[in-house]
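So the chains spell out like this:
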Amino acid sequence: MRGNKLVVLGAGGVGKTSLVVQYLEGFFSSSYKPTVEDCYRHTIQMPDGIFHTVEILDTAGSHHFPAMRELSIRSGRGFVIVFSVDDKQSFHEVTELWNLITKLRGSQVPVILVGNKSDLNKERKVSEAEAQEIAKDVMNNCRYIETSAKYNVNVSQLFVQLLLQAKAME
Ligand code: GTP
Ligand code: MG
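From a predicted model like this one, the values you see are computed outputs, not experimental measurements.

**Observations concerning the site of ligand 1**
Alright, step 1. The local shell around ligand 1 holds 22 residues, among which Gly15, Thr17, Ser18, Thr35 and Gly61 are the closest.
Alright, step 2. Take the shell around ligand 1: its biggest share by element is three residues, from helix 1 (residues 16-25).
Alright, step 3. Class assignment of the residues belonging to the shell around ligand 1 gives a composition of six nonpolar, 12 polar and four charged.

**Let's talk about the sheet that holds strand 5 (residues 111-116)**
Alright, step 1. Taking strand neighbours across the sheet as the criterion, the six strands line up as 2-3-1-4-5-6 in an open arrangement whose pairing is mixed. Where the open sheet ends on each side, the last strands, each with one partner, are strand 2 (37-45) and strand 6 (143-146). On average, each strand axis in the sheet is tilted by 25° relative to the strand beside it, whichever way the strands run.
Alright, step 2. The pairing of strand 5 with strand 6 spans four bridges and is parallel. When the bridges of strand 6 are listed, Val114 appears paired with Ile145.
Alright, step 3. Relative to the sheet, helix 3 (residues 88-105) contacts strand 1 (5-10), strand 4 (78-84) and strand 5, its axis offset from that of strand 4 by approximately 160°.

**Let's talk about the nonpolar core**
Alright, step 1. By size, the foremost hydrophobic cluster in this structure holds 40 residues, and its most contacted members are Val8, Val80, Ile81 and Leu113.
Alright, step 2. Those elements that provide at least two residues to this core are strand 1, helix 1, strand 3 (51-59), strand 4, helix 3, strand 5, helix 4 (128-137) and helix 5 (155-168).

Each value, and the rule that gives it
- Residues numbered from 1 in each chain as written.
- Chains lettered and ligands numbered in written order.
- Predicted model: local features only at pLDDT ≥ 70, side-chain atom pairs only at ≥ 80, totals over all residues.
- Near = placed C-beta within 6 Å.
- Helix = DSSP H or I, 4+ residues; strand = E, 2+ residues; numbered from the N terminus.
- Nonpolar A, V, L, I, M, F, W, Y, C, P; charged D, E, K, R; others polar.
- Pairing = 2+ DSSP bridges.
- Axes fitted to C-alpha atoms, helices over the stretch in contact; angles between N-to-C directions.
- Contact = placed C-beta atoms within 7 Å.
- Core = buried A, V, L, I, M, F, W, Y, C linked by C-beta atoms within 7 Å.
- Buried ≥ 20, exposed ≤ 12 C-beta atoms within 10 Å, placed from the backbone.

What follows is the structure, encoded as structure tokens:
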């Protein structure tokens, strides 16, 4: 039993911590402090009204901790893979993370692809269509959601959706 651990993965600086902090604490900070690893416990109310306690694991974006990344993937119940719509390199890293998940866990795990910083439309380098395509063709038809941690767009939906998927696969 892996519990209800939802693991947030993605390249450095894409907004993983900002998404988690916006979701759990309801605020956004524009300062940037790279994460090593943080785990939060939280109770999510599902659309049917039932509460589930989850752990949300906010991981490091850098490649400095590959062993930690593997451990987090082995322990996860569901995964959020985040890139930033203004950062093409972070989008390329999505495939790398997906490959690592499938290598360690197979392809039948709940995964949501997230394009964060949707508020930065002028700086956009990855189109919605491009991301949808990867989700469909490479990532086993997983769901793609665009978020803004800054303006709290689609943030709670993302975590609820992932937990719903995890529950549906029980
Ligand atoms: P690592 O911990 O190093 O992997 O980074 P991270 O993915 O946790 O990124 P973090 O949440 O620390 O955010 C990095 C920077 O992007 C910060 O300056 C945030 O304020 C900014 N940021 C995060 N989300 C958004 C967003 O939705 N919109 C905008 N405009 N900026 C964002
Ligand atoms: Mg972080």
